[in-house]
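Letter by letter, the chains look like this.
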Amino acid sequence: SKSLKETTVISKMSDLKYSIPNWKSKIGQWFDTNGNFVTVIQDDQYTQLSLVSTENLEIKNITDSPTVKSNVILSSDEELIAYTSNFDGREEIWIYDLVTEENYQLTFTKSDIERGASFSGKWGLAFSPLGSKILFVQDNGVTRGDIMMVDIDNGDVIPITSEIAWDVQPNWINDTTISYTTHPGDYRYIVVKNIENGQLKTITSSEMNIWNPFWHSRTETFYFDDQKDDGEGIMVANMNSKFSTLFNYGNSAVPSPSGKYVAYFKRIGETAPMDIWMEDVSDIVSKKVIP
């Protein structure tokens, strides 16, 4: 917020019984309807699901299990928290119900060894708009990374992709359409898929290598990194694969809800850390049309 004047360290993830890889989220998510933030806090060699008050930084643990938790997400109605829980090297999706204060295991899948996985566990969790399903990524061995979907009511898991490729970064376009990044080799592009009829659409260009796509529903636009040998830049694309350059610098763009502002990482100098910047892009990209 504008009044924020200092940064507070809530938790340092170190000396965990099971390590959390960089591609798995450790941070959490804001509540829209109150001043709370849900995250994971280190508790000895494990982590616990915790609610942090933004007013007084009071931390309230809502789990006490001996597991390492990560990938915390919140349903749109703010009644359910989904997260992954790693116990004895086996990672599953769990649900915490904020209304009933119940905690239960949602997935019961084969172990990493049985799947032939080279990367352990699950990551990239995403609640559907209606909150009835969750997308996630799972290494299934021969087919590499697959987009999977689990039903909240019955725990049924079905594969959304099964081609030999790394399919990652799932997003919901609406309750029947999803997007994800695929890279069968070194080249990455976006796939849009209707999960009811299987219809596919690719957002791709032979001149681009797409990383970290962010779907912005209001402008119906993908913001993504164009990773090249000569540097990096931020591009935008619509559903008709019309591409436009937003910036010739930076990466990991996150637009504001209105689309007027974009926050992103930008490297200053060769050895400097990545700094967060914000720019007004209202003159570059209008609400509905990409120039």
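Scroll up to find the structure.
Residues numbered from 1 in each chain as written. Predicted model: local features only at pLDDT ≥ 70, side-chain atom pairs only at ≥ 80, totals over all residues. Heavy atoms only, no water.

Caption draft 1: Structural context of the sheet that holds strand β11 (residues 145–151). The antiparallel open sheet is built from 4 strands, whose spatial order is β9-β10-β11-β12. On the outer flanks of this sheet lie β9 (122–127) and β12 (157–159), each paired with one strand and no other. Each strand of the sheet is rotated relative to its neighbour by a mean of 25 degrees, with strand direction disregarded. Pairing of β11 with β12 involves 3 bridges; the strand directions are antiparallel. Bridged to Met-149 within β12 is Ile-158. (Pairing = 2+ DSSP bridges. Helix = DSSP H or I, 4+ residues; strand = E, 2+ residues; numbered from the N terminus. Axes fitted to C-alpha atoms, helices over the stretch in contact; angles between N-to-C directions.)

Caption draft 2: A nonpolar patch on the surface, seen in detail. Nonpolar side chains collect at one region of the surface, where Ile-10, Leu-57 and Ile-59 lie side by side and expose about 210 Å² of accessible area between them. Tracing the backbone through its elements, the reader meets Leu-57 in the loop between β3 (46–53) and β4 (59–61). (Patch = residues over 30% accessible without salt bridge, like charges linked within 9 Å, V, L, I, M, F, W, Y side chains within 5 Å. Areas by Shrake-Rupley, 256 points an atom, 1.4 Å probe, with all protein chains shown as cover. Salt bridge = Lys/Arg side-chain N within 4 Å of Asp/Glu carboxyl O.)

Caption draft 3: Expanded view of the sheet that holds β3. Taken in spatial order, the 4 strands of this open sheet run β1-β2-β3-β4, and their pairing is antiparallel. The strands lining the two open edges of the sheet, one partner per strand, are β1 (29–30) and β4. In terms of strand pairing, β3 meets β4 through 3 bridges, oriented antiparallel. By the bridge assignment for β4, Ser-50 is matched with Asn-61.

Caption draft 4: Layout of the environment of Phe-136. By secondary structure assignment, the location of Phe-136 is in strand β10 (residues 133–139). Judged by its relative accessible area of 0%, Phe-136 is buried. Here the alpha-carbon distance between Phe-136 and Val-150, two residues 14 residues apart in the chain, equals 8.2 Å. Look past the residues within four positions of Phe-136 in its chain and what remains in contact with it is Ile-93, Lys-122, Trp-123, Gly-124, Leu-125, Asp-146, Ile-147, Met-148, Met-149, Val-150 and Val-157. (Buried < 20%, exposed > 50% of the residue type's maximum accessible area, 1.4 Å probe, protein only. Contact = heavy atoms within 4.5 Å.)

Caption draft 5: Structural context of unusual backbone geometry. At Arg-144, a position not held by glycine, the phi torsion is positive, near 65 degrees. Here Arg-144 is to be found in the loop between β10 and β11. Of note, Gln-169 is a non-glycine position whose phi angle comes to about 55 degrees, a positive value. Examined against the element boundaries, Gln-169 turns out to sit in strand β13 (residues 166–172). Since its relative accessible area comes to 25%, Gln-169 is described here as partly exposed.

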